[in-house]
Amino acid sequence: MTVHAKPPIRREAMRIAGRQVTTDEVVEVFNPYTNEVVGTVPAARPEHVREAFAKARAYKPRLTRYERQQILLRTADILRDRKEEFARLITAESGLCWKDSLYEAGRAYDVYSFAGQLCIKDDGEIYSCDISPQGKQRKIFTQRMPLMGVISAITPFNHPLNMVSHKLAPAIATNNRVVLKPTELTPLTALALADVLYEAGLPPEMLSVVTGNPGTMGDSMITDPDADLITFTGSVRVGKYIAEKAGYRRIVLELGGNDPLIVMEDADLDKAAELAVQGATKNSGQRCTAVKRILCVDSVADAFSKLVVEKARKLKCGDPMDPTVDVGTVIHEGAAKLFERRVQDAVALGAEILHGAPRQGALFPPTVVDRAPYDCELVHEETFGPVIPIIRVPNDIDSVIRISNSTAYGLSSGVCTNRMDYVARFVNELDVGTVNVWEVPGYRIEMSPFGGIKDSGLGYKEGVVEAMKSFTNVRTWSMPWP
Ligand code: NAD
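Criteria and thresholds
- Residues numbered from 1 in each chain as written.
- Predicted model: local features only at pLDDT ≥ 70, side-chain atom pairs only at ≥ 80, totals over all residues.
- Heavy atoms only, no water.
- Core = buried A, V, L, I, M, F, W, Y, C linked by side-chain atoms within 4.5 Å.
- Buried < 20%, exposed > 50% of the residue type's maximum accessible area, 1.4 Å probe, protein only.
- Contact = heavy atoms within 4.5 Å.
- Near = heavy atom within 4 Å.
- Polar contact = N/O pair within 3.5 Å; in protein donor to acceptor, adjacent residues only side chain to side chain.
- Areas by Shrake-Rupley, 256 points an atom, 1.4 Å probe, with all protein chains shown as cover.
- Helix = DSSP H or I, 4+ residues; strand = E, 2+ residues; numbered from the N terminus.
- Nonpolar A, V, L, I, M, F, W, Y, C, P; charged D, E, K, R; others polar.
- Pairing = 2+ DSSP bridges.
- Axes fitted to C-alpha atoms, helices over the stretch in contact; angles between N-to-C directions.

### Observations concerning the nonpolar core
Most often, soluble globular proteins have nonpolar side chains that are buried together. Formed by 60 residues in total, the largest nonpolar core has its most connected members in V263, F304 and F426. Sequence-distant contacts of F426, that is, excluding residues within four places in its chain, are made with I262, M264, I397, V400, I401, V415, T417 and V435. Counting 57 residues, the second-largest nonpolar core is a separate cluster that includes V29, I90, M321 and M468.

See below:
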């Protein structure tokens, strides 16, 4: 059973300071499952981006904390009330299954709700100065100021609503103006979100959404003279390009991951297998923090892989609009073909496929690959799809840590063990941003700090609290104080 009948094609405009702007040239947005066009968006030229930044710069936000809170909480409420509408749009343009899309809408609710609750809190500090022989009878106060210029936000396809929300909510909470460029693959959700924010009372000058091909207008997002900060979530390749191009600007880069789930000999294998399968396949395996490598110690690997296969078999892969489906498509057929090729290459190097089914277009069914060599492309590179690769590792923690740290990435990790000595070593020695004991690497709440090291990220972390810091400058002021 599918959720609803085919929706009409959305012929969208950009939103430049709230004004709807169209262009003759458009970018088509495809449903990865049906290959049908679900919408079109304008192909912005550099002058559109310039206009958006200039309009934003010319506007000085003066919203009180209370007003910002009201806008954010109203947005959360609207998203909750319209979660099915958003889920439908996310599924249509990304191929993520209905369950994943509904979950995403729920997460976005949290982002706005937390930002709304946090923005009324004053995080200023006070330093008394009469504290040393050099001291004076003064006090220094801190306060956070919005950026002088505009935030340039560039977002990926894998969470069409939530990644955008992680940029916009903290920006609104801190009285900043944003020009957003959502990915050309899933821009429709971002445009619908902009309308919700305007409806919730956001002054339109505080948010513009420009759409189009990054080859034409990407550089303008990075080098616009009014762009003070670039917040980017996406691939390492583009992130490093931005880092080179951005010049004297603050950058926040949240990049790819290759997260391990580590299974030690004392682990409850059933529980570990559940985490492995869920972590590798939720969101069609397209989470920066998806389980992309399962490192299982040799002594329990036979028993563990059997349980993984059992659980993977239960997943239903198919029409993303079917509410009983667990795994929809990946973003396009090209991506599915790449994963298929990487699996075959791993097999040529000695890996074994324990479970899988033939690819159909962009539908890449969950595939359990055992005995994957730790340095084969499938697991050494980021494979952004529902592959469940098991790497058998020697029964000693030194080897586990060495192999885990052997990729260029350092985003997150999950570890399955009850031994505190192991936990302490993993927390101290895995080169990652997060270690989750008995959870998938992707576990977090929307306000906790989140982000990677090495190739996985540069600059501030994300999560509402950290993002609000990154979007502000600390000003100190002082006065005599007896
Ligand atoms: P991508 O890098 O291809 O695209 C991301 C964005 O960059 C898109 O909006 C795209 O249009 C834009 N872009 C591309 N070239 C550009 C250029 N030259 N100038 C300016 N903008 C340009 O990434 P993707 O394929 O959309 O997303 C998947 C990647 O994102 C994966 O690697 C995933 O791990 C990563 N990701 C990371 C996090 C995190 O928080 N660390 C979260 C989600 C996704």
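### Section: the site of the ligand
In the neighbourhood of the ligand, 28 residues make up the surrounding shell, with T155, E184, S235, L255 and E382 lying closest. Within the backbone of T155, one N or O atom sits 2.7 Å away from an oxygen atom of the ligand. Between the ligand and the protein, one listed contact pairs an oxygen atom with a side-chain N or O atom of K181 at 2.8 Å. Expressed as a share of its isolated accessible area of 860 Å², the protein-covered part of the ligand is 89%. Listing elements by their share of the shell around the ligand, those giving two or more residues are helix 7 (214–223), strand 11 (227–233) and helix 8 (236–245). Take the shell around the ligand: its biggest share by element is three residues, from helix 7. Residue composition of the shell around the ligand, grouped by class: 15 nonpolar, nine polar and four charged.

### Regarding the sheet that holds strand 5 (residues 37–42)
Strand pairing in a sheet relies on backbone hydrogen bonds. The paired strands run either parallel or antiparallel. On the basis of which strands lie adjacent, the open sheet formed by three strands has the order 1-5-4 and mixed pairing. This sheet does not close on itself; its edge strands, each paired only once, are strand 1 (10–11) and strand 4 (26–30). As paired strands, strand 1 and strand 5 are joined by two bridges and run parallel to one another. Within the sheet, the bridge partner assigned to R11 lies in strand 5 and is T40. Each of strand 1, strand 4 and strand 5 is contacted by helix 6 (residues 187–199), which is oriented at about 65 degrees to strand 5, the strand it contacts most.

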